[in-house]
Amino acid sequence: MNRTAAVRLLGVLLLTAVAITAVLLALLPPSSPGEGTGAAGARDGGGPIPAFTVRELGARDHELTVTSAALGREGMVRVLLPEGWTPGSGPWPLLYLLNGCCQSDYAAWVGKGDAARLTSGYRAIVAVPEGGPVGFYSDWRDGPGWETFHLTEVRSILERDYGAGDRRAVAGLSMGGFGAMSYAARHPGMFQAAASFSGVLHTRDGEGGVDWLLKRNQEDSAKLWGPPQDPAWAAHNPADLASELREVRLFVSGGDGSPGPLDAPSTGRDEGEAALLRQAVTFTERAEAAGAEVTADFYGPGTHTWPYWRRGLERALPMLMGTIGATV
């Protein structure tokens, strides 16, 4: 065989191999959540997608146990799926719901917040990730990496295995309200809408501030962002980051701490909620001055309790879901 014929034969063999490979790939079924739970290849520079297992709690309710490098242990995520979701479908809009501090149930948004019912009519994936008792949605200097867990590890799983797309909203209560606004400000373009219900929106504000809450829970704030004068405090503080939220649609709610219509008759005044309302007003004023579109629901009487956060989510959902294209 001369040289020209050999080259032609080699080309034919290569083309045949490529064609066979394409056919075989096309015949492979789309992966389902929980299949092949070993880490996949690196994504967005964030390292391997972590291994995880799935427990199906209902037709649209999955609980994930994630082997998290960021946390140094397993982390939990509740995933509520929209009507019509199937493995391989998407892209789906994504809503994160973030928990408050000091909750024993990481998925309290489902158990106490009625999130499954409230979101059931929207065509979006809803993720309720573990956030730690006082994790403050940050990568601790000496401790777990909650921010990386939520926005890199969990997001990569939701995108690869559940079909989540790039239209995202984030909402949370109390500490989770901090997380929602801090995440949206610190990661430009990742979230198109954010909501805070009785949120910690000024980290350096006395009672109700981060240092006060951490000390109350026997945690050292220096292990979180360093000493109080460290620039990391401002770099995470929603009130200092308000100008970074100009392109994000915002919802902010809170009560004045006096007993309200959703409280029991014997309820006393809640000074913690009153302090958080002051933070919310400061944050809202700064965000509006920066040009952000803010829906403020400062409803007067109301305490730091679940009935008001459930109502807040119900009021915020049309804006949150509409912004990310999650039709009813």
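For the structure given in this document, a descriptive report is provided here. It should be emphasised that the depicted structure is a prediction, and the values quoted were computed from it without experimental measurement. (Residues numbered from 1 in each chain as written. Predicted model: local features only at pLDDT ≥ 70, side-chain atom pairs only at ≥ 80, totals over all residues. Heavy atoms only, no water.)

**Brief notes about the overall build of the chain**
And step 1. A count of helical and extended segments in the chain gives 10 helices and 9 strands.
And step 2. Counting only residues that meet the buried cut, the chain has 52% of its 328 residues in that class.
And step 3. Taking contacts inside the chain between residues at least 6 apart in sequence as the whole, the part at least 24 apart equals 71%.
And step 4. For the chain, the accessible surface area stands at approximately 14300 Å², while carbon and sulfur atoms represent 55% of it. (Helix = DSSP H or I, 4+ residues; strand = E, 2+ residues; numbered from the N terminus. Buried < 20%, exposed > 50% of the residue type's maximum accessible area, 1.4 Å probe, protein only. Contact = heavy atoms within 4.5 Å. Areas by Shrake-Rupley, 256 points an atom, 1.4 Å probe, with all protein chains shown as cover.)

**Comments concerning the pattern of salt bridges**
And step 1. Evaluated as defined, the whole model comprises 14 salt bridges.
And step 2. Asp161 is paired through a salt bridge with Arg160; the nearest N and O atoms lie 2.6 Å apart.
And step 3. Judged by its relative accessible area of 30%, Arg160 falls in the partly exposed class.
And step 4. Ionic pairing is found between Asp297 and Arg315, a salt bridge with its closest N-O pair at 2.8 Å. Here Arg315 lies in helix α10 (residues 306-323) and Asp297 lies in strand β9 (residues 294-298), a separation of 18 residues in the sequence.
And step 5. Look at Arg315 and you get partly exposed, because its relative accessible area is 41%. (Salt bridge = Lys/Arg side-chain N within 4 Å of Asp/Glu carboxyl O.)

**As for the layout of surface pockets**
And step 1. The volume enclosed by the largest pocket comes to roughly 240 Å³.
And step 2. Taken together, 17 residues form the lining of the largest pocket, with Cys101, Ser174, Leu213, Arg216 and His304 sitting closest to its centre.
And step 3. Residue assignment for the lining of the largest pocket shows that the elements contributing at least two residues are α6 (210-216) and α9 (271-289).
And step 4. Residue composition of the lining of the largest pocket, by class: 8 nonpolar, 6 polar and 3 charged. (1 Å grid on protein atoms, 1.4 Å probe; cavity = no way out; pocket = protein on both sides within 12 Å on 5 of 7 lines; lining within 4 Å. Points joined across faces, edges and corners; volume = space filled by probe spheres on them. Nonpolar A, V, L, I, M, F, W, Y, C, P; charged D, E, K, R; others polar.)

**Side note on α10**
And step 1. Taking 1.5 Å per residue as the helical rise, α10 with its 18 residues ought to reach 26 Å, and the 25 Å between its terminal C-alpha atoms agrees with that figure.
And step 2. Taken as a whole, α10 carries its principal kink of about 45° at Ala316; the proline Pro318 stands between one and four residues after it.
And step 3. Buried residues of α10: Trp306, Tyr308, Trp309, Arg311, Gly312, Leu313, Ala316, Leu317, Met319, Leu320, Met321 and Thr323, and no others. (Expected span 1.5 Å × (residues − 1). Bend = angle between axes of the 7 residues up to and from the residue.)

**What about unusual backbone geometry?**
Among all residues save glycine, negative phi is the norm, and among peptide bonds the norm is trans.
And step 1. A cis geometry characterises the amide bond from Gly90 onward to Pro91, with omega recorded as 5°.
And step 2. Relative to the helices and strands, Pro91 resides in the loop between β3 (73-80) and β4 (92-98).
And step 3. Positive phi, normally seen in glycine, also occurs at Ser174, with a value near 55°.
And step 4. Tracing the chain through its elements places Ser174 in the loop between β6 (164-173) and α5 (175-186).
And step 5. A residue is classified by how much of its surface remains accessible, and Ser174, at 6% relative accessible area, is buried.

**Some details on the side chain of Arg168**
And step 1. Structurally, Arg168 can be placed in strand β6.
And step 2. A distance of 3.0 Å separates a polar side-chain atom of Arg168 from the backbone oxygen of Met190.
And step 3. In this structure Arg168 touches Leu94, Arg155, Glu159, Met190, Phe191, Gln192, Ala193 and Ile324, once residues within four positions along its chain are discounted. (Polar contact = N/O pair within 3.5 Å; in protein donor to acceptor, adjacent residues only side chain to side chain.)

**With respect to α5**
An α-helical turn contains 3.6 residues, so any two residues separated by three or four positions project in the same direction.
And step 1. Along its 12 residues, α5 runs 16 Å from first to last C-alpha, staying within 8% of the 16 Å computed at 1.5 Å per residue.
And step 2. Across the 12 residues of α5, 11 count as buried, placing the element largely inside the fold.
And step 3. Among the residues of α5, Met175, Gly176, Gly177, Phe178, Gly179, Ala180, Met181, Ser182, Tyr183, Ala184 and Ala185 are the ones counted as buried.

**Structural notes on the pairing of strand β7 (residues 193-197)**
And step 1. Counting buried positions over the 5 residues of β7 gives 5, a clear majority of the element.
And step 2. Burial of the side chains of β7 extends over both faces: Ala193, Ala195 and Phe197 are buried on one face and Ala194 and Ser196 on the other.
And step 3. With 5 bridges joining them, β6 and β7 adopt parallel strand pairing. Pairing of Val170 across the sheet is with Ala194, part of β7.
And step 4. Taking the sense of rotation as the criterion, the β-α-β connection linking β6, α5 and β7 turns out right-handed.
And step 5. Here β7 pairs with strand β8 (residues 249-254) via 5 bridges, running parallel. Note on β8: the bridge partner recorded for Ala193 is Arg249. (Pairing = 2+ DSSP bridges. Right-handed = clockwise from strand over helix to strand, strands pointing away.)

**Some points on the nonpolar core**
And step 1. Ranked by internal contacts, the top residues of the largest apolar core, which has 61 residues, are Phe136, Leu250 and Phe283.
And step 2. The residues touching Phe136, leaving out its near neighbours within four places in the chain, are Met175, Phe178, Val200, Val210, Leu213, Leu214, Leu224 and Trp225.
And step 3. Of all hydrophobic cores here, the second largest spans 32 residues; its members include Tyr122, Val126, Leu313 and Leu317. (Core = buried A, V, L, I, M, F, W, Y, C linked by side-chain atoms within 4.5 Å.)

**What about the packing of aromatic side chains?**
And step 1. Under the counting rule described, the total for this entry stands at 12 aromatic pairs.
And step 2. Arranged with centres 5.6 Å apart and planes meeting at 70°, the rings of Phe136 and Phe178 form a pair that is edge-to-face. Separated by 42 residues along the polypeptide, Phe136 in the loop between β5 (125-129) and α4 (146-162) and Phe178 in helix α5 bring together distant segments of the chain. An identical accessibility class is assigned to Phe136 and Phe178; each is buried.
And step 3. Arranged with centres 5.8 Å apart and planes meeting at 45°, the rings of Phe178 and Trp225 form a pair that is tilted. Placement of Phe178 in helix α5 and of Trp225 in helix α7 (residues 222-225) is noted, with a sequence separation of 47 residues between them. For the pair Phe178 and Trp225, a shared accessibility class is recorded, and that class is buried.
And step 4. Among the aromatic residues, those joined into a cluster by ring pairs are Trp109, Phe197, Phe251, Trp306 and Trp309. (Phe/Tyr/Trp six-rings, centres within 6.5 Å; stacked < 30°, edge-to-face > 60°.)

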